[in-house]
Structure formats: structure tokens, C-alpha cells
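Examining the three-dimensional arrangement
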Amino acid sequence: MNKVILMGRLTRDPEVRYSQGENSLAIARYTLAVDRRFKRQGEQDADFIPCVAFGKSAEFAEKYLRQGIKIAVTGRIQTGSYTNREGQKVYTTEVIVEESEFAESKNAGASGASASGQSDGYQQGGYQQYQRPQPAAAAAADGFMNIPDGIDEELPFN
């Protein structure tokens, strides 16, 4: 079984292109910075994972994903190779995105880190925990946008 689940932040805005032909297909490429759970002295804190989305998932990325947004993706790992202009063989590894979703509210991402370097939530066992807003304030202050009626057919997930 080839299945991968990642949660990280986009390092830049997705690069979206459309294939040629009668039935053009959207293709989005982006890189996720995924924090390492454990790190050794002198090692980097994150891995940078290249991701590719096709079709509706790519159109979703083009419309809603921006640099710094935290998302969760599921997909599969795909390896390949090609010969570059200098005649050297280059090996590639990337995640083919099957599903993606936002991993934090808009307010959590916007307010991000405070002066102490901590976010609005608290750390527990390496996972970020957020306190649930009070019911009266939840509708207005949770940071999620209202999804218009009839958009269900356009979203890449159910």
C-alpha cells in the first residue's frame, strides 16, 4: 500500500499550469514544510516535501492555498527520473495529492506566533492544541469563511 499523510505549511504560493488539448487539466505544484517531530543537534527542523495535485484538487489549490497556510494532505509517493540538459540522470520523489484540507482556522494562521514564539494554542506531546471558542462567538470569530450554497460540486472533497 502506498499512502502518505502530511501536515505542513506551504513554502510559496502553488504554481498552477493547465495541460494542452481539448480537455485541459489543472496541475498544481507546491512544497510543504513539514516539522520534524524529533530533531538532532545541527539538523534542520523541517522536511520540504514536493507535492503535485491534479484536476479539482489543483483548482482548489490555485483558488485557496497561499504561502504560509497550514494544510493536511493525503496521497501517494511517486518516484521517477529524467536526464537533464547536462546529460545527468536526476531522480525525483514527490507526493501525488489525492485530498487536501485546511489544518487551522484563518485566525490561527493570521495571528500565528506571539512574541514568545508560541501560537495561540499550547503544545502538548508535539501536537498543537487549540481551545474551542465560546458558542456565542464561534460563528463570528472562528475565522472560517461561510461557504456559499451550491459550491459542493466544485469542492474536491466531500
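Residues numbered from 1 in each chain as written. Predicted model: local features only at pLDDT ≥ 70, side-chain atom pairs only at ≥ 80, totals over all residues. Heavy atoms only, no water.

Topic: the confidence of the model for the chain
Regions with low pLDDT carry predicted coordinates that are not meant to be interpreted in detail. For the record, the criterion: What pLDDT reports is the predictor's confidence in each residue, on a scale of 0 through 100. It only takes one pair of heavy atoms within 4.5 Å for two residues to be counted as in contact.
Looking at the chain, the pLDDT average stands at 78 and 68% of residues meet or exceed 70. Under a pLDDT of 50 for its full length, residues 111–140 has, in the predicted model, 28 contacts with residues more than four places off or in other chains.

Side note on helix α1 (residues 55–64)
To keep things clear, this is the line we draw: Summary of the burial criterion: residues with accessible area below 20% of their type's maximum are buried, those above 50% are exposed, and those between are partly exposed, where the area comes from a 1.4 Å probe applied to protein chains only. By definition, any uninterrupted DSSP run of H or I lasting at least four residues is a helix, any uninterrupted run of E lasting at least two residues is a strand, and each is numbered from the N terminus.
What α1 keeps buried is the set Gly55, Ser57, Ala58, Phe60, Ala61 and Tyr64. Buried residues in α1 make contact with β2 (15–18), β3 (26–35), β4 (46–54) and β6 (89–102).

Brief notes about the nonpolar core
Put simply, the rule is: Buried residues of nine kinds, namely Ala, Val, Leu, Ile, Met, Phe, Trp, Tyr and Cys, make up a nonpolar core once their side-chain atoms join them within 4.5 Å.
Ranked by internal contacts, the top residues of the largest apolar core, which has 19 residues, are Leu6, Tyr30, Leu32, Leu65, Ile71 and Val73. Looking at this core, the elements that each hand over two or more residues are β1 (4–10), β3, β4, α1, β5 (70–83) and β6. Broken down by element, this core gets its largest block of residues, five residues, from β3. Leaving out residues up to four positions away in the same chain, Val73 has contacts with Val4, Ile5, Leu6, Tyr30, Leu32, Val97, Glu99 and Ser100.

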